[in-house]
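Geometric and topological summary
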Amino acid sequence: MKITFPHMGNLDIAVKAILGRLGQEVIVPPRTNKRTLNLGVRYSPEFACLPFKVNLGNFIEGLEKGADTLLMIGDSGGGACRLGFYARIHEAILKRLGYNFRMITVSNRSRSQFLGGFAGLGQGKSWKDILYAFWLGWGKMRACEEAEALSHRIRPYEVKRGETTKVYNRVVKKIDEAEAFKELKLARSEGRCLFQEMEQDRDRRPLRVTVGGEIYVVWEPFVNLNLETRLGEMGVEVIRTLWLSENILHRVHLDFWSWRSKSRALRAAEPYLGYDVGAECNVSVGDTIISRRRGYDGIIHLMPFTCMPEIVAQSILPKVSRDYNMPVLTFILDEHTAEAGMMTRLEAFVDLLARRKSCKPQ
Ligand code: SF4
């Protein structure tokens, strides 16, 4: 089998490690780019949400590189989310376009279905090998997330603009190249040192802004136009609320011990939402409240155009913003989102937060 899958942030690094260890040939599609988006948009229904379109483009580019098997999550994010239909609709569109392939869907409904779906790809491998593959993939995912969180914390202090991004890319490359746990551990510790050694101006007092919303657009820098990097380079410390590893732990009911647990945000949202709307809707509301309690300066809410769960969150956030005196900026992203418009709104928002902060008694 030559397996391909959609891109989402650094997810390819973990998936490649798991599938490679399970003895599968992995075809990683090119990083999401303008062509990927154009391909996805051309063949998708117009009303489909942005992740659907970009994932379709990823699949086409993977098939062009010789893949014969597509791997996709097979269940929805719950409630009003349409993710559960993606695999079947992608399959129908791609077959109509004449591609010959097999679609494998991995269910994320329960722990056993999720792990069993991947384990099924390791036929002929021992349980020890399968567990090692998972553990290595998981370790790489956590290592990439750690590097990303560190880059968010350090970027507003960097003296040479762009240096954090260069260091971050180096660290992620090392994590990707690690073949075993020993190398991964080394890559992690070297990465921390590289960040620490950067020239930083610690006299600065950066604004602290939460970035949350729909997980795909938060995670994929191409579709959010590198928003987190832009904010960092504007002197803002980004606190990302959504991490894929936390999301997976939550989906398989193993996040009870995590301090970043999604369950905390769901509880915080309860006064505004009596039931789970699906995907990250309740989390977007809950994280706004939690961010206020933690003293952050504002929150940026990212959502794809036509995303049903986030439309619900977007309609509630103005009230939460008023009740908690928390500035919220929503970006609705689709294939027409342009850099100039985003930068104008971002700069205005950061200016507003800076003024608010300077007026506050110290
Ligand atoms: S959360 Fe929204 S954008 Fe994401 S897959 Fe579901 S409906 Fe689409």
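None of the values given here were measured: they were computed from a predicted structure.

1. Here's the deal with the domain arrangement of the protein chain
Taken as a whole, the protein chain is organised into domain 1 (2-125), domain 2 (130-202) and domain 3 (205-362). Domain 1 puts 12 residues into the contact, and the matching count from domain 2 is 12 residues. Elements supplying a minimum of two residues to the side of domain 1 that touches domain 2: helix H1 (11-21) and helix H5 (111-119). For the side of domain 1 that touches domain 2, the leading source of residues is H1, giving 6 residues. Taken together, the residues of the side of domain 1 that touches domain 2 sort by class into 8 nonpolar, 2 polar and 2 charged.

2. Some remarks on the site of the ligand
Close contacts around the ligand come from 14 residues, with Cys 49, Cys 81, Leu 83, Ala 279 and Cys 307 the closest. No other element matches the 3 residues that helix H14 (residues 308-324) contributes to the shell around the ligand. Inspection of the shell around the ligand shows a minimum of three residues originating in each of domain 1 (2-125) and domain 3 (205-362).

3. Describing unusual backbone geometry
With a phi angle near 55 degrees, Leu 225 is a residue other than glycine that sits in the positive phi range. The class for Leu 225 is partly exposed, based on 17 C-beta atoms found within 10 Å. The backbone of Asn 325 shows a phi angle near 50 degrees, a positive value even though the residue is not glycine. The exposed category is assigned to Asn 325, around which 8 C-beta atoms lie within 10 Å.

4. Thoughts on the pairing of strand S3 (residues 69-73)
Of the strand pairs in this sheet, strand S1 (residues 2-4) and S3 are connected by 2 bridges, and their pairing is parallel. Counted as the bridge partner of Thr 4 is Leu 70 from S3. Strand direction decides the pairing type here: S3 and strand S4 (residues 102-106), joined by 5 bridges, are parallel. When the sheet's bridge partners are listed, Thr 69 is paired in S4 with Arg 102.

5. Remarks on the nonpolar core
Ile 175, Val 209, Val 217 and Leu 302 are the most contacted members of the largest nonpolar core, which totals 85 residues. Here Val 209 is in contact with Leu 231, Val 236, Val 238, Tyr 296, Asp 297, Gly 298, Ile 299 and Ile 300, once residues within four sequence places are set aside.

Rules of the game
- Residues numbered from 1 in each chain as written.
- Predicted model: local features only at pLDDT ≥ 70, side-chain atom pairs only at ≥ 80, totals over all residues.
- Domains from an automatic or database assignment.
- Contact = placed C-beta atoms within 7 Å.
- Helix = DSSP H or I, 4+ residues; strand = E, 2+ residues; numbered from the N terminus.
- Nonpolar A, V, L, I, M, F, W, Y, C, P; charged D, E, K, R; others polar.
- Near = placed C-beta within 6 Å.
- Buried ≥ 20, exposed ≤ 12 C-beta atoms within 10 Å, placed from the backbone.
- Pairing = 2+ DSSP bridges.
- Core = buried A, V, L, I, M, F, W, Y, C linked by C-beta atoms within 7 Å.

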